[in-house]
Amino acid sequence: MVKKIFSGVQPSGNLHLGNYLGAIKNFVELNNDNDNKCIFCVVDLHAITVKQNPKELKDNIRETVATFVASGIDVKKSIIFNQSKVPAHSEAAWILSCVARMGWLNRMTQFKEKAGKDKEKASIGLYSYPILMAADILLYDATHVPVGDDQKQHLELCRDIAQKFNKDYEVDDFFKTPEPLIKKEFSRIMSLKDGLKKMSKSELSDNSRINLTDEKDEIISKIKKAKTDSLPLPTNKEELERRPEAKNLIGIYSSLTGIKLEKSIEKFSGKNFSEFKDELSNEVVEKISPISNEIKKLLQNKDYLDEIVINGCEKANEISSKKITEIHKIVGF
Ligand code: AMP
Ligand code: TRP
């Protein structure tokens, strides 16, 4: 069976190691499999659910495209485009917002986290954000959606919306219910400053994350400063589970090297953090620096990046406008 892969990344700046290990690395693996059809979307409509500086947003859209390409996504084999240039997304989001239920959205933990204490002041867009995400996925009949762990609940909502639409309008199997592709072990990379907090673009301290554009020296310095506890490295998985910072750093090592978690624990068992951190730095630099250099090179060639998106938008428009026409018929427009 041909797998139809769809995923999105917000162009909100500071793409980091969490985005890479939780999502983009998997995009590349899926893209390398010729049996898959892949679509990767720069979700700029999602980005404006919180305030953005327009000039920076424009640059960040290009940087996200550059990151996809620099990470190894083959533009000949996949569609890369930005959401705002494909009108079907906004339109489908409206129609689906009439299918989704308030009660479902009220359960979304990401909204609660992002809106913080003062929910009254959050944008309506931030609240209805998962409906737009469902529209993104359902317009392309995506069968599989690679994401980090934080998007699991949004994907469940997408499945609920698809099923309710199909049932309400008596159109069996019109919207396909997509499967999430979430890596079991490395789908939640934590902050370098706090092993209990997700690594995030919006965290104030730049030392909390490795950005995909960081220079070698910055990477080394951030890993040196990364929080640890005062014990030697754990000797087994049970101990690792109890020590969040060690768990995160060993997890990053294991994910980057492809050495299984158990083997990675064994390799550093009982050693001190400074020795481990040197090896970890080498790995991060080896894997991330080529991407970082390539991003910078690609950003010199804006016309090339814009061309990728223009081509991608054309293809995405072709697919999604057909689906929207069918939706119109079903709804009775
Ligand atoms: P975003 O930057 O929120 O658009 O996220 C893009 C992709 O990266 C999504 O699939 C997220 O689930 C994933 N992601 C973001 N932060 C992390 C993290 N700290 N660990 C793992 N995956 C992440
Ligand atoms: N909400 C996702 C995030 O913040 C990004 C996203 C938007 C997405 N639309 C999508 C991911 C569709 C997968 C499929 O990470």
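Going by the structure above, here's the rest.
Definitions and limits used
Residues numbered from 1 in each chain as written. Chains lettered and ligands numbered in written order. Predicted model: local features only at pLDDT ≥ 70, side-chain atom pairs only at ≥ 80, totals over all residues. Heavy atoms only, no water. Pairing = 2+ DSSP bridges. Helix = DSSP H or I, 4+ residues; strand = E, 2+ residues; numbered from the N terminus. Right-handed = clockwise from strand over helix to strand, strands pointing away. Near = heavy atom within 4 Å. Polar contact = N/O pair within 3.5 Å; in protein donor to acceptor, adjacent residues only side chain to side chain. Areas by Shrake-Rupley, 256 points an atom, 1.4 Å probe, with all protein chains shown as cover. Nonpolar A, V, L, I, M, F, W, Y, C, P; charged D, E, K, R; others polar.

A look at the pairing of strand β1 (residues 3-9)
In step 1: Pairing of β1 with strand β2 (residues 36-42), which is carried by seven bridges, proceeds in the parallel orientation. Bridge pairing in β2 links Ile5 to Cys38.
In step 2: Crossover connection from β1 via helix α1 (residues 17-32) to parallel β2: handedness right-handed.

What to know about the site of ligand 1
In step 1: With respect to spatial proximity, 17 residues lie near ligand 1, and among them Gln10, Gly148, Asp150, Ile189 and Lys201 are the closest.
In step 2: At 2.9 Å, a backbone N or O of Gln10 approaches an oxygen atom of ligand 1.
In step 3: In the environment of ligand 1, a nitrogen atom lies 3.2 Å from a nitrogen or oxygen atom belonging to the backbone of Gly18.
In step 4: Summarising the interface, the protein chains cover 94% of the accessible area of ligand 1, which totals 480 Å² for the free molecule.
In step 5: A total of four residues in the shell around ligand 1 trace back to one element, the largest contributor, which is α1.
In step 6: A class-by-class count of the residues in the shell around ligand 1 yields five nonpolar, eight polar and four charged.

Describing the site of ligand 2
In step 1: Within the structure, ligand 2 sits among 13 residues, and Gln10, Tyr129, Met133, Asp136 and Gln151 are positioned closest to it.
In step 2: Between ligand 2 and Gln10, the relevant distance is 3.0 Å, taken from an oxygen atom to a side-chain nitrogen or oxygen of the residue.
In step 3: Contact with the protein chains hides 92% of the accessible area of ligand 2, taken as 360 Å² for the molecule alone.
In step 4: Elements that contribute at least two residues to the shell around ligand 2 include exactly β1 and α7 (124-138).
In step 5: In terms of residue class, the shell around ligand 2 is built from seven nonpolar, five polar and one charged.

Everything listed here is a matter of coordinates, which is why it stays silent on function.
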